[in-house]
Amino acid sequence: MTVLPSDFAAEMERLWTLKLGNVSGPAFRELWTRMGETFHLAIQQNMKASALSIAPAWQVLAPEMGVGKTQGALLYLAMMAKTSRKLSPPLQIGGLFVARTIQQCEDAARTINELAGFEAAITRHSSNAVTLQECRHFPVVVITHAAVTQSWAQSYSGIVDAYGSWEGGRRCLVIIDEALGQCS
């Protein structure tokens, strides 16, 4: 069960205007609906994928700066965690959020938890001692770009094996905030 794009857009507009103090309009609502549709499609594709199938193509959101892409991603993950909580394992879905820095990871997890109304997200990075086993208790894990590039350098399946599931089910939504730098 995923978040309906229209519900996401309505909640994003409330967050954008009431909490963040910004101005909204039809163009923003249309953009947020498209964001919700993109997240929904990514989840649906990942839910259909099996261990033997090729991973679905990445979806890219590239609207201009200042339209709430990061806030929207965090809100969607919080709404998804909240919605999944109503289901029984293994039907609950989770997500992985990738941020540039450790501080951005901490901020993202704090925001997701605040928006969800419970501890839905945990961070895992070089400055904390969180284990992969501890991550399995949370629907959302927040990691750094460096963790992704190091995992991918070893193998793509490394990151899928490490973060692809949790005790509630699969993590079917991966959001990489901003573009990853070139791997060296």
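Residues numbered from 1 in each chain as written. Predicted model: local features only at pLDDT ≥ 70, side-chain atom pairs only at ≥ 80, totals over all residues. Heavy atoms only, no water.

1. What to know about helix H4 (residues 102-116)
An α-helix turns once every 3.6 residues. As a result, residues three or four positions apart point the same way. Over its 15 residues, H4 extends 21 Å from the first C-alpha to the last, a length consistent with the 21 Å expected when each residue adds 1.5 Å. If you check which residues of H4 are buried, you get Cys105, Ala108, Ala109, Ile112, Asn113 and Ala116. Looking straight down H4, one finds its buried side chains confined to an arc of 130°; they lie on one side. Its buried side turned inward, H4 meets helix H3 (69-84), strand E1 (92-99), strand E2 (121-123) and strand E3 (140-144). Following H4 by one or two positions, Gly117 has its phi on the positive side, about 85°. (Helix = DSSP H or I, 4+ residues; strand = E, 2+ residues; numbered from the N terminus. Expected span 1.5 Å × (residues − 1). Buried < 20%, exposed > 50% of the residue type's maximum accessible area, 1.4 Å probe, protein only. Arc of directions from axis to C-beta. Contact = heavy atoms within 4.5 Å.)

2. Here's the deal with the pairing of E1
Burial of E1 is extensive: eight of the eight residues sit out of reach of the surface. Alternating positions in E1 separate into two faces, Gln92, Gly94, Leu96 and Val98 on one and Ile93, Gly95, Phe97 and Ala99 on the other, with burial throughout. Relative to strand E5 (residues 169-176), E1 is paired through seven bridges, and the arrangement is parallel. Considered in E5, the bridge of Val98 is made with Ile176. Here five bridges tie E1 to E3, and the two strands are oriented parallel to one another. Residue pairing for E3: Gly95 is matched across the bridge by Val140. (Pairing = 2+ DSSP bridges.)

3. Some points on the side chain of Thr123
One can find Thr123 in strand E2. Under the relative-accessibility criterion, Thr123 is labelled buried at 6%. A polar atom in the side chain of Thr123 sits 2.9 Å from the side chain of Glu106. Each residue touching Thr123, except ones within four places of it in the same chain, is listed here: Cys105, Glu106, Ala109, Asn128, Val130 and Val142. (Polar contact = N/O pair within 3.5 Å; in protein donor to acceptor, adjacent residues only side chain to side chain.)

4. Brief notes about the packing of helix H2 (residues 26-48) against H3
Here H2 crosses H3 at 50°, and the two axes come no closer than 11 Å. Viewed along their axes, H2 and H3 adopt a mutual orientation that is oblique. The element H2 and its partner H3 pack so that their crossing is right-handed. Contact residues: H2 offers Met35, Gly36, Phe39, His40 and Ile43, while H3 offers Lys69, Gly72, Ala73, Tyr76 and Met80. Looking at side-chain class alone, the contact of H2 with H3 contains six nonpolar, three polar and one charged residues. (Axes fitted to C-alpha atoms, helices over the stretch in contact; angles between N-to-C directions. Parallel < 35°, antiparallel > 145°, perpendicular 65-115°, else oblique. Left-handed = near helix turned anticlockwise from the far one by under 90°. Nonpolar A, V, L, I, M, F, W, Y, C, P; charged D, E, K, R; others polar.)

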